[in-house]
Amino acid sequence: MAKKNISFEEALKELKNCSEKIKKRDLTLDESISCYEEGLKQYELCKKILEETKQKIQIFGEEEYDEGEL
């Protein structure tokens, strides 16, 4: 399920889908583990995207502040 260039929204949707599947409790143990692992991948991807976005915002904010001092 993990895809390259997946958007934050898509990764979050896949994470929610994995969570819902596990909550239903109708999966086999192997399916639950597989879904859990996929959910972890999507969680890490979401976290990475958010961290990168935060850095971009901080850089943009610093540039705006520096331009205001000129």
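These numbers come from a predicted model, not from an experiment.

### Section: the overall build of the chain
Stage number 1. The helix and strand tally for the chain stands at two helices and zero strands.
Stage number 2. Among the 70 residues that make up the chain, the fraction classed as buried is 14%.
Stage number 3. If you sum the accessible surface of the chain, you get close to 6,200 Å²; carbon and sulfur atoms cover 54% of it.

### Quick look at helix 1 (residues 8-24)
Stage number 1. Look at helix 1: 24 Å from first C-alpha to last across 17 residues, which is about the 24 Å you get at 1.5 Å a residue.
Stage number 2. Of all the positions in helix 1, only Ala11, Glu14 and Cys18 are classed as buried. Projected down its long axis, helix 1 carries its buried residues within an arc of 65 degrees, all on one side. Looking at helix 1, the residues exposed on the side facing more than 90 degrees away from the buried face are Glu9, Lys13, Lys16, Lys23 and Lys24.

### A closer look at the environment of Gly39
Stage number 1. Secondary-structure assignment places Gly39 in helix 2 (residues 29-69).
Stage number 2. When the C-alpha positions of Gly39 and Cys18 are compared, they lie 5.7 Å apart, and in sequence the two are 21 residues distant.
Stage number 3. The contacts of Gly39, once residues within four sequence positions are left out, are Leu15 and Cys18.

### Examining the environment of Glu9
Stage number 1. Its location among the elements puts Glu9 in helix 1.
Stage number 2. Remark: the alpha-carbon pair of Glu9 and Cys46, spanning 37 residues in sequence, is separated by 8.4 Å.

The rules we used
- Residues numbered from 1 in each chain as written.
- Predicted model: local features only at pLDDT ≥ 70, side-chain atom pairs only at ≥ 80, totals over all residues.
- Heavy atoms only, no water.
- Helix = DSSP H or I, 4+ residues; strand = E, 2+ residues; numbered from the N terminus.
- Buried < 20%, exposed > 50% of the residue type's maximum accessible area, 1.4 Å probe, protein only.
- Areas by Shrake-Rupley, 256 points an atom, 1.4 Å probe, with all protein chains shown as cover.
- Expected span 1.5 Å × (residues − 1).
- Arc of directions from axis to C-beta.
- Contact = heavy atoms within 4.5 Å.

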